[in-house]
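Fold and contact review
Single-letter residue listing:
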Amino acid sequence: MSDSFSLADLEAIVAARASADAGSSYTRSLLDKGISKCAQKLGEEAVETVIAAVSGSEKDLVGEASDLLYHLMVVLKARGIALADIHAELARRTAQSGLAEKAARPTA
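Report on the accompanying structure. This structure is a prediction, so every number in the text was calculated from the model and none was measured.

**As for the packing of helix 3 (residues 35-55) against helix 4 (residues 58-79)**
Helix-helix packing: each pair is described by the crossing angle between the helix axes and the interaxial distance. In contact at an axis separation of 8 Å, helix 3 and helix 4 are set at 160° when each is read in the N-to-C sense. In terms of their interaxial angle, helix 3 and helix 4 are classed as roughly antiparallel. Helix-helix and strand crossings are classified by hand; for helix 3 and helix 4 the assignment is left-handed. Facing Ile35, Cys38, Ala39, Lys41, Leu42, Glu45, Ala46, Glu48, Thr49, Ala52 and Ala53 of helix 3, the residues of helix 4 in contact are Asp60, Leu61, Glu64, Ala65, Asp67, Leu68, His71, Leu72, Val74, Val75, Ala78 and Arg79.

In structure tokens:
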């Protein structure tokens, strides 16, 4: 893969594999198990990514982060959320600094 591979490319791959037969597609088999299983796998990968960040090699972290992003895309697919929705929310959130956004929140 080239350096130009993007999350949009991953989203398209997940969508294509979601349309495949469960016998030939891990993505389809995950989706067939429902959102709870997809979310469980995402959580497992998140923990493995944290462990790799703290005590693994750079290669371990790259591998686990890749797994995490893949499973995030599967969860988004399972819930019918497009990557464009995530991009829009990130754009909204980064319109101001995190400290300014936090200061503007109502206090309880």
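**Quick notes on the environment of His87**
Relative to the elements of secondary structure, His87 occurs in helix 5 (residues 83-93). For His87, a relative accessible area of 44% corresponds to the partly exposed category. Separated by 55 residues in the primary sequence, His87 and Asp32 place their C-alpha atoms 27 Å from one another.

**Side note on the side chain of Lys41**
Mapped onto the secondary structure, Lys41 falls in helix 3. Leave out the neighbours within four places in its chain, and Lys41 touches Tyr26, Leu30 and His71.

**Details of the nonpolar core**
The biggest cluster of nonpolar side chains holds 13 residues, and the ones touching the most others in it are Val14, Cys38, Tyr70, Met73 and Val74. If you list the elements that add at least two residues to this core, you get helix 1 (7-18), helix 2 (26-32), helix 3 and helix 4. For this core, the element with the highest residue contribution is helix 4, accounting for five residues. Other than its neighbours up to four places away in sequence, Val74 contacts Val14, Thr27, Leu30, Leu31 and Cys38.

**As for the packing of helix 1 against helix 4**
The contact between helix 1 and helix 4 brings their axes to 10 Å, and the two run at 60°. As summarised for this structure, helix 1 and helix 4 are arranged oblique, according to the angle between their axes. Crossing handedness for the pair helix 1 and helix 4: right-handed. Judged by residue contacts, Leu7, Leu10, Glu11, Val14, Ala15 and Ala18 of helix 1 engage Leu69, Tyr70, Met73, Val74 and Lys77 from helix 4.

**What about a nonpolar patch on the surface?**
Taken together, the side chains of Leu7, Leu69 and Leu72 make up a nonpolar region of the molecular surface, amounting to roughly 220 Å² of accessible area. Checked against the element boundaries, Leu7 lands in helix 1. Taking relative accessible area as the criterion, Leu7 reaches 36% and is therefore assigned partly exposed.

Quick notes on the rules
- Residues numbered from 1 in each chain as written.
- Predicted model: local features only at pLDDT ≥ 70, side-chain atom pairs only at ≥ 80, totals over all residues.
- Heavy atoms only, no water.
- Axes fitted to C-alpha atoms, helices over the stretch in contact; angles between N-to-C directions.
- Helix = DSSP H or I, 4+ residues; strand = E, 2+ residues; numbered from the N terminus.
- Parallel < 35°, antiparallel > 145°, perpendicular 65-115°, else oblique.
- Left-handed = near helix turned anticlockwise from the far one by under 90°.
- Contact = heavy atoms within 4.5 Å.
- Buried < 20%, exposed > 50% of the residue type's maximum accessible area, 1.4 Å probe, protein only.
- Core = buried A, V, L, I, M, F, W, Y, C linked by side-chain atoms within 4.5 Å.
- Patch = residues over 30% accessible without salt bridge, like charges linked within 9 Å, V, L, I, M, F, W, Y side chains within 5 Å.
- Areas by Shrake-Rupley, 256 points an atom, 1.4 Å probe, with all protein chains shown as cover.
- Salt bridge = Lys/Arg side-chain N within 4 Å of Asp/Glu carboxyl O.

Geometric values such as these leave the question of function open.
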